[in-house]
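The chain contents come next:
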Protein chains: 2
Amino acid sequence: MAKGTIARTVSERADLLPLISEVFRSHGYEGATLALIGKATGLGKGSLYHFFPDGKAQMAAEVLAEIDHWFEVNIFAALRKSDDPAQAIADMTAGVDRYFRSGHRVCLVGVIALGASRDIFSSQVQDYFSRWNDALAQTLRRAGLSTSVARRRSADALLTIQGALVLARALDDTKVFGQALVDMKARLLAK
Amino acid sequence: MAKGTIARTVSERADLLPLISEVFRSHGYEGATLALIGKATGLGKGSLYHFFPDGKAQMAAEVLAEIDHWFEVNIFAALRKSDDPAQAIADMTAGVDRYFRSGHRVCLVGVIALGASRDIFSSQVQDYFSRWNDALAQTLRRAGLSTSVARRRSADALLTIQGALVLARALDDTKVFGQALVDMKARLLAK
DNA sequence: TGGAGACTGTACCGATCGGTACAGAGAGTC
DNA sequence: GACTCTCTGTACCGATCGGTACAGTCTCCA
């Protein structure tokens, strides 16, 4: 029998996703509890389930979609349409460095790919990486590389980013990430 | 008031760890429940807590220790003492490929490094990677590389392995892992 | 033969899990 | 003012969480 006063905060769905995103990022899908999400957003379950009727799975799916959209707009698009491959790759590298806060931030898509929740989100995870892979390979082709070399180097770049995030966090040394990005950029257009 | 017959399985602690290891590997630390571990080992909580009085945290710590020991014996030691750097690196690559089942298996140390449980196991995680890094850099020095180049290339190799596991799983394509290992080996002793 | 001690299943614990139900509060609309 | 609709906190649900307690069963050794 609540009698109380209910504060009205008027949350915007768009403001919510980044907050929820950070909870999934630092706790993983299974570790991100509604209690943690509630604390991070300042919202009770009522509000959370108002915005996301399908609960935790929907929150994660929408967070993944938002991340995908950010990369689509800020990274993939430029890769596809640029007519200056070297510049496009430099832009990608700078964008990635900014997004992952020079190695302080972890890749949620990678985290989910490694966990048991991959089965639930496998198509979103696969789509994210393969669209990135395609866009980057396209840029490399335009730089004169053969299709097979372009695809090999592009996969190498993606895995370098993911591995650098893992190792930087494991060693608690973000310099690893910065160095990996330098190496990656050099390798992409070498020879 | 149990009346029943209790089957006696006589489990060996040494046989338990690999089974528990796979549960942590595929579910992460937070996702690995006692129920899953019980199912994987065929043991009830009674037996589990008999072998691991400190519960889940102790299980994970011992699994990490066993992994560390395996790499120490099968990978790091050869790296440190070999007088044929090219052969040592070929052996490491082959060993890594075998251990990770050509990309079908995930790295538990990496999984933990990315998750929230890193805080609990940070020293074990850091130790594993930095000892690997040191051993590999030592090999590269013996191959004539400067200290700084050796350390840079060695970190690059470690992060390539981790990233390849992430990307292979994300794209559900183990060829990514095999190719990354080939590239890594070539890069380690290049020029 | 009869402890002693290692190993086992299971009942149980309080806490927390994801999710539901619902009533109250605020802002508009007529 | 009465009605609607959106957003809110909270009480509550059954299930499961990690962990404890304990009695039963086995093996070993005197």
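Cut-offs applied
Residues numbered from 1 in each chain as written. Chains lettered and ligands numbered in written order. Predicted model: local features only at pLDDT ≥ 70, side-chain atom pairs only at ≥ 80, totals over all residues. Heavy atoms only, no water. Helix = DSSP H or I, 4+ residues; strand = E, 2+ residues; numbered from the N terminus. Buried < 20%, exposed > 50% of the residue type's maximum accessible area, 1.4 Å probe, protein only. Contact = heavy atoms within 4.5 Å. Areas by Shrake-Rupley, 256 points an atom, 1.4 Å probe, with all protein chains shown as cover. Lys, Arg positive; Asp, Glu negative; His and termini not counted. Charge placed at Lys NZ, Arg CZ, Asp CG, Glu CD. Least-squares fit on C-alpha atoms with pLDDT ≥ 70 in both. Expected span 1.5 Å × (residues − 1). Arc of directions from axis to C-beta. Salt bridge = Lys/Arg side-chain N within 4 Å of Asp/Glu carboxyl O.

**Q** Help me understand the overall build of chain A, please; the structure alone is not making it clear to me.
**A** Helices and strands together make up the secondary structure of chain A, namely nine helices and zero strands. Helices (α) and strands (β) of chain A occur, in sequence order from the N terminus, as α-α-α-α-α-α-α-α-α. With the C-alpha coordinates of chain A rotated into their principal frame, the extents come out at 75 × 35 × 30 Å. In chain A, which comprises 191 residues, the proportion classed as buried is 49%. The contacts in chain A between residues at least 6 apart in sequence include a share of 67% that link residues at least 24 apart. Here chain A displays about 9,100 Å² of accessible surface, and carbon together with sulfur accounts for 54% of that area. Of the side chains in chain A, 24 bear a positive and 20 a negative charge, and the two mean positions are spaced by 1 Å.

**Q** How should I be thinking about the relation of the copies chain A and chain B in this particular structure?
**A** Each copy of the chain is related to the other by a rotation around an axis and a translation along that axis. In screw terms, the move from chain A to chain B is a rotation of 180° and a rise of 0.0 Å along the axis, fitting with an RMSD of 0.0 Å. Expressed as an axis order, the relation between the two copies is that of a two-fold axis. Within chain A, G163 of chain A has its C-alpha nearest the rotation axis, a separation of 1.8 Å. Interface overlap between copies is the fraction of interface residues in one copy that are interface residues in the other; for chain A against chain B it reaches 100%, indicating a shared surface.

**Q** Hey, could you run me through helix α5 (residues 85-99) of chain A in this one?
**A** Residue pairs spaced three or four apart in an α-helix point in one direction, given the helix's 3.6 residues per turn. All names here are of chain A. Its 15 residues place the ends of α5 21 Å apart at the C-alpha level, agreeing with the 21 Å of an ideal helix rising 1.5 Å per residue. Restricting attention to buried positions, one finds in α5 the residues P85, A88, I89, M92, T93, G95, V96 and Y99. Here the buried residues of α5 occupy an arc of 165° about the axis, which is enough to place them on one side. Elements that come into contact with the buried residues of α5 comprise α1 (13-31), α4 (55-81), α7 (118-142), α8 (147-171) and α9 (175-188). Looking one or two places after α5, you find R101, whose phi comes out positive at around 50°.

**Q** Explain the pattern of salt bridges here, please?
**A** Two side chains of opposite charge can pair, provided their charged atoms sit close to one another. Residue and element names in this part refer to chain A. All told, the structure shown has 23 salt bridges over all chains when counted by the stated rule. When the shortest N-O distance is used, the salt bridge between R131 and D127 registers 3.0 Å. Here D127 and R131 lie together in helix α7, a separation of four residues that amounts to about one turn. With a relative accessible area of 37%, D127 lands in the partly exposed category.

Scope: geometric values only; no functional claims are made or implied.
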